[in-house]
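# A closer look at the structure
Next come the chains, spelled out residue by residue.
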Amino acid sequence: MNNFFDAAQNAARNARAGMPNSGGGAGTAAKVALGVGLLGAAVYNSYFNVEGGHRAVIFNRIVGMKDVVMSEGTHFVIPWFERPIIYDVRTRPRNITSLTGSKDLQMVNITLRVLSRPDEKVLPSIYQTLGLDYDERVLPSIVNEVLKSVVAQYNASQLITMREQVSRTIANNLIARAREFHLTLDDVSITHLSFGKEYTEAVEAKQVAQQEAERAKFIVEKAIQDKKSIIIRAQGEAKSAELIGKAIASNPGFIELRRIETAKDIANTVSRSQNRVYLNSDTLLLNLLDNITEPGTLDKHATPDRVR
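Here goes a summary of the coordinates provided.

Conventions adopted
Residues numbered from 1 in each chain as written. Predicted model: local features only at pLDDT ≥ 70, side-chain atom pairs only at ≥ 80, totals over all residues. Heavy atoms only, no water. Helix = DSSP H or I, 4+ residues; strand = E, 2+ residues; numbered from the N terminus. Buried < 20%, exposed > 50% of the residue type's maximum accessible area, 1.4 Å probe, protein only. Contact = heavy atoms within 4.5 Å. Areas by Shrake-Rupley, 256 points an atom, 1.4 Å probe, with all protein chains shown as cover. Salt bridge = Lys/Arg side-chain N within 4 Å of Asp/Glu carboxyl O. Axes fitted to C-alpha atoms, helices over the stretch in contact; angles between N-to-C directions. Polar contact = N/O pair within 3.5 Å; in protein donor to acceptor, adjacent residues only side chain to side chain. Phe/Tyr/Trp six-rings, centres within 6.5 Å; stacked < 30°, edge-to-face > 60°. Lys NZ or Arg CZ within 6 Å of the ring centre and 35° of its normal. Patch = residues over 30% accessible without salt bridge, like charges linked within 9 Å, V, L, I, M, F, W, Y side chains within 5 Å. Pairing = 2+ DSSP bridges.

Broken down by element type, the protein carries 10 helices and eight strands. Across the 308 residues in the protein, those meeting the buried criterion constitute 28%. Across the protein, every contact between residues at least 6 apart in sequence was considered, and the portion connecting residues at least 24 apart equals 66%. For the protein, the accessible surface area stands at approximately 20,200 Å², while carbon and sulfur atoms represent 55% of it.

Taken as a whole, this structure holds 13 salt bridges when the rule is applied. Here Glu-72 makes a salt bridge to Arg-55, at a shortest N to O gap of 3.6 Å. Of this pair, Glu-72 sits in the loop between β3 (64–70) and β4 (73–76) while Arg-55 sits in strand β2 (residues 54–60), and the two are 17 residues apart along the sequence. Taking relative accessible area as the criterion, Glu-72 reaches 44% and is therefore assigned partly exposed. Take Arg-55: its relative accessible area is 16%, and that puts it in the buried class.

Here helix α7 (residues 197–250) crosses helix α8 (residues 253–272) at 120°, and the two axes come no closer than 6 Å. Residue-level inspection shows Ile-244, Ala-247 and Ile-248 of α7 in contact with α8, the latter providing Phe-254, Ile-255 and Arg-258.

To continue, consider the side chain of Arg-55. Among the polar contacts made by the side chain of Arg-55, one reaches the side chain of Glu-120 at a distance of 3.3 Å. Not counting the four nearest positions on each side in its chain, Arg-55 is found in contact with Val-50, Val-69, Met-70, Ser-71, Glu-72, Ile-85, Ile-86, Tyr-87, Val-89, Glu-120 and Leu-123.

Once that is clear, we can look at the packing of aromatic side chains. On inspection of all chains with the given rule, the structure shows four aromatic pairs. Arranged with centres 5.0 Å apart and planes meeting at 85°, the rings of Trp-80 and Phe-81 form a pair that is edge-to-face. Relative accessible area serves as the criterion here: at 31%, Trp-80 is assigned to the partly exposed category. Members of the aromatic cluster, each reached through a chain of ring pairs, are Tyr-87, Tyr-127 and Tyr-134. One Lys or Arg, Arg-61, reaches over the ring of Trp-80 and ends 4.6 Å from the middle of that ring.

A word on a nonpolar patch on the surface. Residues Leu-39, Val-43, Tyr-47, Ile-62, Val-63, Phe-76, Ile-78, Trp-80 and Phe-81 make up a contiguous nonpolar surface patch of roughly 930 Å² in combined accessible area. Checked against the element boundaries, Trp-80 lands in the loop between β4 and β5 (82–88).

Take the sheet that holds β2 next. Within the open sheet, the three strands sit side by side as β3-β2-β5. Their pairing is antiparallel. Taken across any chain shown, the strands that pair with only one partner, and hence form the sheet edges, are β3 and β5. Geometrically, the sheet is characterised by an average inter-axis angle of 25° between neighbouring strands, direction not taken into account. Across seven bridges, β2 lies against β5 in antiparallel orientation. Residue pairing for β5: His-54 is matched across the bridge by Asp-88.

To continue, consider the pairing of strand β1 (residues 47–50). Burial of β1 is one-sided: the residues Phe-48 and Val-50 facing one way are buried, the residues Tyr-47 and Asn-49 facing the other way are not. Pairing analysis gives four bridges linking β1 to β4, with the strands arranged antiparallel. Bridge pairing in β4 places Tyr-47 opposite Phe-76.

A few words on the environment of Ser-98. Positionally, Ser-98 belongs in strand β6 (residues 92–101). According to the relative accessible area criterion, Ser-98 is buried, its value standing at 2%. Residues Ser-98 and Thr-111, spaced 13 residues apart in sequence, show a C-alpha to C-alpha distance of 6.4 Å. Leaving out residues up to four positions away in the same chain, Ser-98 has contacts with Val-108, Asn-109, Ile-110, Asn-144, Leu-147 and Lys-148. A polar contact is formed between the side chain of Ser-98 and the side chain of Asn-144, at a distance of 2.8 Å.

If you want it as C-alpha cells, here you go:
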C-alpha cells in the first residue's frame, strides 16, 4: 500500500527517539524496532475487507490490472505492490430528463428512471475503460440517444395513448445499448411526460371546441324534441276540441255536466282558502239550479261562453 513505507518510517523514528545513543546496543535496538515496525505495517496493509453488496479488483504495480474479482469477505494483497479498488455492485436508481421532439415536431419533456448496476464479471475492464463513475459517464448519453430515436417515431398523441408500447420500446433499446458498456439495467420506466406550452394550449382549445360542439348538438336535439312536443300537444288539443264538439252536438247535457264540474272545482278552491271572497254566484258558476232544464233540452243562458 502507499502508506506502507510511511508507517515503517514512523515506527523507526519513534524507536530512535525512545532509545539513548549509547553505542552498539542502542543501534541494535533501533534496528530491531525498525524491523518490528516494518513487519507490523506489512501485516496491517496485507489485508482488506469487501463489504456486502461490493466487489473488489486488484491493481498490481508490476503487471497492472489483475483479471480477478474479489467477492465479499477479507482478502490478502502484497503491500505497496498491490492496491484493491472497491466497486458498489448494488442496483442504483437514477432519474434522467431529456427534451426531444416527436414525429409531428412537438417538443416533449420525458423523465426516465433507470435501475442500473455493473456486470461483476468484467469489473477490471470497466475500471480500465470507464473508472469508478461509470454510470455518470455512460447513462446520460445513451438515455438521451435512445429517447430521441424512439420518441421521433411517434406523434404527440400516440405518446399518450400508446405509452406502454413506447416505454417497452425504450426499455428494450436502452438495455441493449447499455450492454455494450457492460452495464445491466434491471428496470426502465417513464415517470414523467409533458409537452410544450403551445401544444398544451392547442389541446385545451380542442377540448373546449369539442365541448361547445356537444353543447350545440344538445341544443339542436332539444329544439327538435320541443317542436315535436308542441305538434303533439296541438294535435291533442285539436282532437280534444273535435271530440268536445261532437259530444255537444250529440248530447246537449254535456255542457251542463262540464258546468257542474267547473262549479265544484271553484267551490272546493274557495272553501280551502282562508280569505273571504264576496262574489256573485253567477261569476262563480254556482247558480246551478237556475239553469236546470228538462232532459233533452238546453237552457238559453247555458252557452259555451258561460261554461268557460
